[in-house]
Amino acid sequence: MSKGQSGLGKSTLVNTLFKSQVSRKASSWNREEKIPKTVEIKAIGHVIEEGGVKMKLTVIDTPGFGDQINNENCWEPIEKYINEQYEKFLKEEVNIARKKRIPDTRVHCCLYFISPTGHSLRPLDLEFMKHLSKVVNIIPVIAKADTMTLEEKSEFKQRVRKELEVNGIEFYPQKEFDEDLEDKTENDKIRQESMPFAVVGSDKEYQVNGKRVLGRKTPWGIIEVENLNHCEFALLRDFVIRTHLQDLKEVTHNIHYETYRAKRLNDNGGLPPGEGLLGTVLPSVPATPCPTAE
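The rules behind the values
Residues numbered from 1 in each chain as written. Predicted model: local features only at pLDDT ≥ 70, side-chain atom pairs only at ≥ 80, totals over all residues. Heavy atoms only, no water. UniProt positions renumbered as here; feature names shortened; annotations may be inferred. Helix = DSSP H or I, 4+ residues; strand = E, 2+ residues; numbered from the N terminus. Buried < 20%, exposed > 50% of the residue type's maximum accessible area, 1.4 Å probe, protein only. Contact = heavy atoms within 4.5 Å. Areas by Shrake-Rupley, 256 points an atom, 1.4 Å probe, with all protein chains shown as cover. Core = buried A, V, L, I, M, F, W, Y, C linked by side-chain atoms within 4.5 Å. Pairing = 2+ DSSP bridges. Axes fitted to C-alpha atoms, helices over the stretch in contact; angles between N-to-C directions. Salt bridge = Lys/Arg side-chain N within 4 Å of Asp/Glu carboxyl O. Parallel < 35°, antiparallel > 145°, perpendicular 65-115°, else oblique. Left-handed = near helix turned anticlockwise from the far one by under 90°. Nonpolar A, V, L, I, M, F, W, Y, C, P; charged D, E, K, R; others polar. Expected span 1.5 Å × (residues − 1). Phe/Tyr/Trp six-rings, centres within 6.5 Å; stacked < 30°, edge-to-face > 60°.

As recorded by an unreviewed UniProt entry, the chain carries the name Neuronal-specific septin-3 and is attributed to Lynx canadensis. The record in UniProt for the chain states the following under Subcellular location (unreviewed entry): "Cytoplasm, Cytoskeleton".

(A) Up close: the overall build of the chain. Along the backbone of the chain there are 7 helices and 9 strands. Looking at the chain as a whole, 43% of its 294 residues are labelled buried. Restricting to contacts in the chain with at least 6 residues of sequence separation, those with at least 24 account for 68%. On the chain, roughly 17200 Å² of surface is accessible, and the fraction owed to carbon and sulfur atoms is 51%.

(B) View of the nonpolar core. Core analysis: the biggest nonpolar cluster contains 63 residues, and Ile82, Leu132, Ile139 and Leu236 have the highest contact counts within it. The element contributing the most residues to this core is helix α2 (residues 76-94), with 6 residues. With residues up to four places along the chain from it excluded, the contact list for Leu132 reads Lys3, Ile78, Glu79, Ile82, Cys110 and Ile138.

(C) The sheet that holds strand β9 (residues 221-224), seen in detail. Spatial strand order, β7-β8-β9: 3 strands in an open sheet with antiparallel pairing. The sheet is open, and its two borders are formed by β7 (205-208) and β9, each paired with just one other strand. If you compare each strand with its neighbour and ignore which way they point, the axes differ by 70° on average.

(D) Region of interest: the pattern of salt bridges. This structure, assessed with the given rule, holds 18 salt bridges. Where Glu226 meets Arg237, a salt bridge forms, and the shortest distance between an N and an O atom there is 2.9 Å. In this pair, Glu226 is assigned in the loop between β9 and α6 (233-243) and Arg237 in helix α6, connecting sequence segments 11 residues apart. By relative accessible area, which is 6% here, Arg237 ends up buried. Among the ionic pairs, Asp267 bridges to Arg264, the shortest N-O distance being 3.9 Å. Residue Asp267 and its partner Arg264 are located together in helix α7 (residues 245-267), separated by 3 residues, close to a single helical turn. Note on Asp267: relative accessible area 36%, which makes it partly exposed. Connected through shared salt-bridge partners, Glu87, Lys263, Arg264 and Asp267 make up one network.

(E) Representation of the packing of α2 against helix α3 (residues 123-132) within the structure. Following both chains from N to C, one finds α2 and α3 inclined at 15°, their axes separated by 10 Å at the closest point. Classified by the angle their axes make, α2 and α3 are roughly parallel. By crossing handedness, the relation of α2 to α3 is classed as right-handed. Residue-level inspection shows Ile78, Glu79 and Ile82 of α2 in contact with α3, the latter providing Phe128, His131 and Leu132. Considered class by class, the residues forming the contact of α2 with α3 number 4 nonpolar, 1 polar and 1 charged.

(F) Structural view of α2. Between the first and last C-alpha of α2 there are 26 Å, a value that for 19 residues agrees with the 27 Å anticipated at 1.5 Å per step. Those residues of α2 not exposed but buried are Ile78, Tyr81, Ile82, Gln85, Tyr86, Glu87, Phe89, Leu90, Glu92 and Glu93.

(G) Region of the structure containing the pairing of β7. Pairing between β7 and strand β8 (residues 211-218): 4 bridges, direction antiparallel. If you follow Glu205 over to β8, its bridge partner there is Leu214. If you look at the hairpin formed by β7 and β8, you'll find 2 residues sitting between the two strands, and Asn209 has a positive phi there, around 50°.

(H) Spotlight on α3. Among the residues of α3, those classed as buried are Leu124, Asp125, Leu126, Phe128, Met129 and Leu132. Where α3 is buried, its residues meet β1 (2-4), α2, β4 (110-114), β5 (138-142) and α4 (150-166).

(I) Spatial organisation of the environment of Lys249. Considering the arrangement of structural elements, one finds Lys249 in helix α7. Separated by 112 residues in sequence, Lys249 and Asn137 place their C-alpha atoms 9.5 Å apart.

(J) Focus on the packing of aromatic side chains. Considering all chains together, one arrives at 7 aromatic pairs under this definition. Pairing Phe89 with Tyr257 gives two aromatic rings, centres 5.2 Å apart and planes at 85°, and the pair type is edge-to-face. Highlighted residues: Phe89 in helix α2 and Tyr257 in helix α7, separated in sequence by 168 residues. Each member of the pair, Phe89 together with Tyr257, is buried. Look at Phe197 and Phe239: their rings are 5.5 Å apart centre to centre, the planes differ by 50°, and that puts the pair in the tilted class. Residue Phe197 is located in strand β6 (residues 197-198), and its partner Phe239 is located in helix α6; the two are separated by 42 residues in the primary sequence. A single burial state applies to Phe197 and to Phe239, both of which are buried.

Below, the structure written as structure tokens:
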């Protein structure tokens, strides 16, 4: 899922994610098409190919927020959508004759887009992430990073990390879920150096040194999206789609979904007496008499 205020290029970056080398062959995208403004939550399925292995990936594009005069509780539709996916999975899971493979529409990762102000996070961003981090894996991303100098970018990344820590907002990979020393060492480096990823998105290709590359054209040259000297898009892509994909799924299932599941099983959804979980009518079972000891 992508989330953040309006105008930060969320849809563009989502397109970039699938038009980069990780999936360019499987893409049916026309680079002449202009990306329309996202006005509703929509899920888009893609099949990407990695080393001959095909994988279905679903991206949930969401409308920007922060345009209204009153932005109170503007995270609620997103939180509701995420919980609805947990509910769908739970309904399938508690069926007596459940499917061998339960369709999984749960949100395993939320890319949260931060405006490249160079100053500090907006109160709305902090509030939004505080709520969402309880139900989904949050990965903070600085959008349009080419608007900052290298020094500004480095300082801003440090400031964002500090503000998230001070406000008790846990982003993925969460410290308490590191399984061993190797995990901790690798994830500490990501938490302290890479996060938040400073990225540039583009849906246009240009010719650079005889190669077609995704990039943004400026008066002083081409900013190459997949060039690590220009931005951290390639790091983000590899982090989400390659190195941490399975772990994102496991943390979602074992932590976020289990938290939701335990709560629903505990309160039984507030259903009236005579009904089981999620509206399933429980059959009446006659009492079996206890055998008496001889």
